[in-house]
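Descriptive structure summary
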Amino acid sequence: MPLGEKAGFEKSQSRYCGVETQFNDDFPQLLNFNLSTGSFDFVVAPLMNPTYRPSLLEKDGVLPFAASDLVLSPSQWSSHVVGKISSWIDLDSEDEALRMDSETTLKQEIAWANHLSVQACILPPPKGASCANYARCVNQILQGLNNMQLWLRIPLVKTDEDAIDANSTSFIDSWELWNSFRLLCEHHGQLSIALDILSSLPSVNSLGRWFGETVAAAIINTDSFLTNGRGYPCLSKRHQKLITGFFNHSIQIVISGKPAHSIPRPSSDLAANNFDNNGESPQRHPLRPYLDYVGFLFQRMDPLPEQERFELGYRDFLQSPLQPLMDNLEAQTYETFERDSMKYIQYQRAISKALLDRVPDDKASATTVLMVVGAGRGPLVRASLQAAEETGRKLKIYAVEKNPNAVVTLHSLVKLEGWEDIVTIISCDMRFWDAPEKADILVSELLGSFGDNELSPECLDGAQRFLKQDGISIPSSYTSFIQPLTAAKLYNDVKSHKDLVHFETAYVVKMHNIARLTPSQPVFTFTHPDYSNKKSNQRYKRLQFEIPSDTGSAMVHGFAGYFDAELYKDVHLGIEPSMATPNMFSWFAIFFPLRTPVCVKPGSPLEVHFWRCCGSSKVWYEWCVASPNSSAIHNSNGRSYWVGL
């Protein structure tokens, strides 16, 4: 059965738990015992007798497979079985006979698993630091696979740098082992990781790397469990936090090993954690208490907040940024953004402060001219009027909007609310409008995920001609930030297009299966109004990041871009993780991919260069890595995203 379908979780978010088993040539009995008696959801089982060696067979010998494919239905094979490749294989052995047997067996077992249509096969970990031949064989196999996934088993360990023994495989850092394998394996789109969770865990930063990698399963050995006061298995707080992280990233759990706890038989109910028997038969699966505990960890997770549930379908989904200057937005897009109440609360706070600064109490009867440039369907108009009511100030509002469809809605709103004497609607592109008078306050929401990627600098530089010399712009400034990421899924999705142009695209994405490797750094800052005559000419920034030493080596697949805006006098709005506005969903981060991922070792600086370039009719970004090794300069000019200047 699933671990649960919790309140606040979509059905697709139900978590499943498997069990690792030994070879059994009676597959129906194996499945019945583990699924019916044990209540596990799937088994990880060898598909071939482990005593089999091709070199021991006579010519034309029959392969001793576990059983015919007919012993289970196709749906049982595909839904309830993960194959386990024989653990003895060693494709990089110095023993030629073992190496040849290993290669033959690997190909035969995967071909058989593919024939059965099992969901995945777990490959044994490389036997040593050198895995070139193993990776070569897997790479060759992957080219012929259809839908089946291969999961490379990796023990979750991290070296103490002072204790490394070059001749010992027990001290090989697990991430280095994985990275060596995948770098040799060009066709690794269907290659994922099965992490072996041991009783001791690496540092928090070291663990964090794996959430940006393609981890499909976490195998928890019974030896990793502690014993609670009643004699039942439990996990350390660090293990609990890790397992919860796996749940959040759709990583399946597998229980492995022999029972390590002598648990008294329950009478009428289970003593541990008040679990329900669910009509369990008298024969108890020896690993059921471990499943019960994993189920307990899942059930005690907090339900996803409403915002996270809303964003589930967008997780790790690459989207081209909106181009509101060039394209007219649709009603559904407006409606989504208008639901973001927190954004408009912040705008109302900023406008209230601006009104109080602009009009002292003894002149409260004076009328303030406020212009909303890019008014859309009116949420900023409403926020401005609410700020005026809150502060007791009078407003005259110009609502400037270029989208004729949104203007229709604006007229209806003004009539419905009775704002005709206060709000004047201007159906025009702000860049070409001649204002009849100067504004005291200029309000806009032209910010994009990177702050400046929807041409807010250019638009507001142009619009400031109708702002009084001492007028207030809301926002008054905004800064873009970038942060290096491990983001294997995003990288593989970009790579799947098999062309250069997709690697030179900046994507808006709700990032989820990523690892943020180091804090973000500021890139470009724009201030409004800006009378310096610098405007938005080409800008350039060199940044240097350093991965924390306890993280270990890490792969950089690209960069997350964020913004933080000061609307007015410490009223902020933004998505930069360390200071993000809570409960706001109008903006996802922006992803700048690298054509070739960069491996960064601890202590080695990551030097990044970023440009914001302006042409006669468009704005684009360029980016590259200069150290630890150089990348090509990525140039988003080819996509012509931001046009229409």
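Not measured: the values here are computed from a predicted model.

As a further point, take the overall build of the chain. A count of helical and extended segments in the chain gives 15 helices and 27 strands. Looking at the chain as a whole, 55% of its 645 residues qualify as buried. Once local pairs closer than 6 in sequence are excluded, the contacts in the chain between residues at least 24 apart make up 78%. Of the roughly 27700 Å² that the chain leaves accessible, carbon and sulfur atoms contribute 50%.

Moving on to the packing of helix 11 (residues 341–358) against helix 12 (residues 379–391). Two elements in contact, helix 11 and helix 12, have axes whose closest approach is 8 Å; the angle formed by their N-to-C orientations is 45 degrees. Comparing their axes, helix 12 and helix 11 come out oblique. Pair helix 11 / helix 12 crosses with right-handed handedness. Residues Tyr 344, Tyr 347, Gln 348, Ile 351, Ser 352, Leu 355 and Leu 356 of helix 11 touch helix 12, and the partners they reach there are Pro 379, Leu 380, Ala 383, Ser 384, Gln 386, Ala 387, Ala 388, Glu 390 and Thr 391. Among the residues making up the contact of helix 11 with helix 12, the classes are represented as 10 nonpolar, 5 polar and 1 charged.

Our focus in this paragraph is the sheet that holds strand 5 (residues 149–155). If you walk around this closed barrel you meet the 8 strands as 1-2-3-4-5-6-7-10, and the pairing is parallel. On average, each strand axis in the sheet is tilted by 30 degrees relative to the strand beside it, whichever way the strands run. With 3 bridges joining them, strand 1 (residues 17–20) and strand 2 (residues 42–46) adopt parallel strand pairing. The residue of strand 2 that forms the bridge with Glu 20 is Val 44. Packed onto the sheet, helix 7 (residues 237–248) meets strand 6 (191–197), strand 7 (215–221) and strand 10 (252–256) and runs at close to 160 degrees relative to strand 6.

Attention shifts here to the UniProt feature "active site" (unreviewed entry) in the chain. Feature annotation in UniProt assigns "active site" (unreviewed entry) to the following positions: Glu 445 and Glu 454. Classification of Glu 445 as buried rests on a relative accessible area of 19%. Those residues in contact with Glu 445 that sit more than four places away from it in its chain are Lys 343, Tyr 344, Tyr 347, Pro 379 and Leu 380. Reaching out from Glu 445, the side chain makes a polar contact with the side chain of Lys 343 at a distance of 2.9 Å. Secondary-structure assignment places Glu 454 in the loop between strand 14 (439–443) and helix 14 (456–463). Note on Glu 454: relative accessible area 15%, which makes it buried.

A few words now on helix 7. In a regular helix each residue adds 1.5 Å, so 12 residues correspond to 16 Å; helix 7 covers 17 Å between its end C-alpha atoms and thus fits that length. Each element contacted by the buried residues of helix 7 is listed here: strand 6, helix 6 (204–208), strand 7, strand 10 and helix 8 (288–299). Phi for Ser 250, located one or two positions after helix 7, is positive at around 55 degrees.

What follows covers the sheet that holds strand 11 (residues 367–373). An order of 13-12-11-14-15 is seen for the 5 strands of this open sheet, with the pairing classed as parallel. Among the strands making up the open sheet, the edge pair consists of strand 13 (423–427) and strand 15 (467–474). Within the sheet, the average angular offset between the axes of one strand and its neighbour, ignoring direction, is 25 degrees. Looking at chain direction, strand 14 and strand 15 are connected through 4 bridges and run parallel. The residue of strand 15 that forms the bridge with Val 443 is Ile 474. Together, strand 11, strand 12 (394–401), strand 14 and strand 15 form the strand contacts of helix 11, whose direction differs from that of strand 15 by roughly 155 degrees.

Looking now at the side chain of Ser 256. By the secondary structure assignment, Ser 256 is in strand 10. For Ser 256, a relative accessible area of 7% puts it in the buried group. Among the polar contacts made by the side chain of Ser 256, one reaches the side chain of Glu 20 at a distance of 2.5 Å. When neighbours within four sequence positions are excluded, Ser 256 is seen to be in contact with Glu 20, Arg 153, Ile 219, Ile 220, Asn 221 and Thr 222.

Centre distance and the angle of the planes are the two values used to describe a pair of aromatic rings. Summed over all chains, the structure comprises 23 aromatic pairs. Residues Tyr 314 and Phe 588 carry aromatic rings whose centres are separated by 5.7 Å and whose planes lie at 55 degrees to one another, so their mutual orientation is tilted. Of this pair, Tyr 314 sits in the loop between helix 9 (306–311) and helix 10 (331–338) while Phe 588 sits in the loop between strand 22 (571–574) and strand 23 (589–600), and the two are 274 residues apart along the sequence. On the accessibility criterion, Tyr 314 (31% relative accessible area) is partly exposed. A ring pair is formed by Phe 450 and Tyr 621, whose centres lie 5.4 Å apart and whose planes are at 85 degrees; its orientation type is edge-to-face. Highlighted residues: Phe 450 in the loop between strand 14 and helix 14 and Tyr 621 in strand 25 (residues 618–627), separated in sequence by 171 residues. When sorted by exposure, Phe 450 lands in the same class as Tyr 621, which is buried. Of the aromatic side chains, those joined through ring pairs into one cluster are Phe 450, Phe 592, Phe 610, Tyr 621 and Trp 623.

A word on the nonpolar core. In terms of nonpolar packing, the biggest core is built from 99 residues, with Ile 474 and Phe 591 touching the most fellow members. Counting residues per element, this core draws most heavily on strand 21 (residues 554–568), which supplies 9 residues. Residues Leu 91, Leu 142, Leu 152 and Phe 247 belong to the second largest nonpolar core, which totals 73 residues.

Here the focus is the environment of Gln 307. Turning to its location among the elements, Gln 307 is positioned in helix 9. In contact with Gln 307, not counting residues within four places along its chain, are Asn 583, Met 584 and Phe 585.

Our focus in this paragraph is helix 15 (residues 488–495). Listing the buried residues of helix 15 in full gives Ala 488, Leu 490, Tyr 491, Asn 492 and Val 494. Those residues of helix 15 that are buried are in contact with strand 16 (477–486), strand 17 (507–509), strand 21 and strand 23.

Attention shifts here to the pattern of salt bridges. Under the defined criterion, the tally for this structure stands at 28 salt bridges. One salt bridge in this structure joins Glu 20 and Arg 153, with 2.7 Å as the shortest N-O distance. Placement of the pair is Glu 20 in strand 1 and Arg 153 in strand 5, with a sequence separation of 133 residues. For the pair formed by Glu 20 and Arg 153, the shared burial category is buried. The partner of Glu 311 in a salt bridge is Lys 510, with the nearest N and O atoms 3.0 Å apart. With Glu 311 in helix 9 and Lys 510 in the loop between strand 17 and strand 18 (515–516), the pair connects residues that are 199 residues apart, well separated along the chain. Here Glu 311 and Lys 510 have matching classes, each one buried. What emerges from the salt-bridge pattern is a single network uniting Glu 20, Lys 84, Arg 153 and Asp 196.

The geometry of helix 3 (residues 96–116) relative to helix 4 (residues 132–142) is characterised by a closest axis approach of 11 Å and an angle of 25 degrees between their N-to-C directions. Taken as axis vectors, helix 3 and helix 4 run roughly parallel relative to one another. As helix 3 packs across helix 4, the resulting crossing turns out to be right-handed. Between helix 3 and helix 4, the contacting residues are Arg 99, Glu 103, Leu 106, Lys 107 and Ile 110 on the first element and Asn 133, Tyr 134, Arg 136, Cys 137, Val 138, Gln 140 and Ile 141 on the second. Residues that form the contact of helix 3 with helix 4 fall into these classes: 6 nonpolar, 2 polar and 4 charged.

Cut-offs and rules
The written sequence of each chain sets the order in which its residues are numbered from 1. For this predicted model, a pLDDT threshold of at least 70 governs which residues receive local features, and a threshold of 80 or more governs which side-chain atom pairs are given and counted, while totals over whole chains, interfaces and linings are taken from all residues. Only hydrogens and water are set aside; all other atoms, that is, all heavy atoms of the structure, feed into the side-chain values. Strands are runs of DSSP state E lasting at least 2 residues, helices are runs of H or I lasting at least 4, and numbering of each runs from the N terminus. Partly exposed describes any residue whose relative accessible area lies between the buried limit of under 20% and the exposed limit of over 50%, with all areas from a 1.4 Å probe on protein chains only and scaled to the type maximum. By definition in these notes, contact holds between two residues if any of their heavy atoms fall within 4.5 Å. Residue-level accessible areas treat just the shown protein chains as cover; the underlying method is Shrake-Rupley with a 1.4 Å probe. Geometry is summarised by axes, namely lines fitted to C-alpha atoms with helices restricted to the contacting stretch, and by angles between N-to-C directions that run from 0 to 180 degrees. We call two directions roughly parallel when the angle between them is under 35 degrees, roughly antiparallel when it is over 145, roughly perpendicular when it lies between 65 and 115, and oblique otherwise. Each crossing is labelled by how the near helix is turned from the far one, with a counterclockwise turn of less than a right angle marking it left-handed and a clockwise turn marking it right-handed. Each residue is assigned to one of three groups, with Ala, Val, Leu, Ile, Met, Phe, Trp, Tyr, Cys and Pro labelled nonpolar, Asp, Glu, Lys and Arg labelled charged, and all others, Gly among them, labelled polar. A strand pair is defined by DSSP finding two or more bridges across the two strands. UniProt positions are given in the numbering used here, feature names are shortened, and annotations may be inferred rather than shown by experiment. Any N or O atom pair separated by 3.5 Å or less is treated as a polar contact, with the protein-specific requirement of one donor-capable and one acceptor-capable atom, and with residues adjacent in sequence counted only for side-chain atom pairs. Working rule for helices: expected span equals 1.5 Å times residues minus one. Pairing of aromatic side chains here covers Phe, Tyr and the six-membered ring of Trp, requires ring centres within 6.5 Å, and sorts the geometry by plane angle: under 30 degrees stacked, over 60 edge-to-face, intermediate tilted. In plain words, nonpolar cores are sets of buried Ala, Val, Leu, Ile, Met, Phe, Trp, Tyr and Cys residues tied together by side-chain atoms within 4.5 Å. By definition here, a salt bridge exists when the distance from a side-chain nitrogen of Lys or Arg to a carboxyl oxygen of Asp or Glu is within 4 Å.

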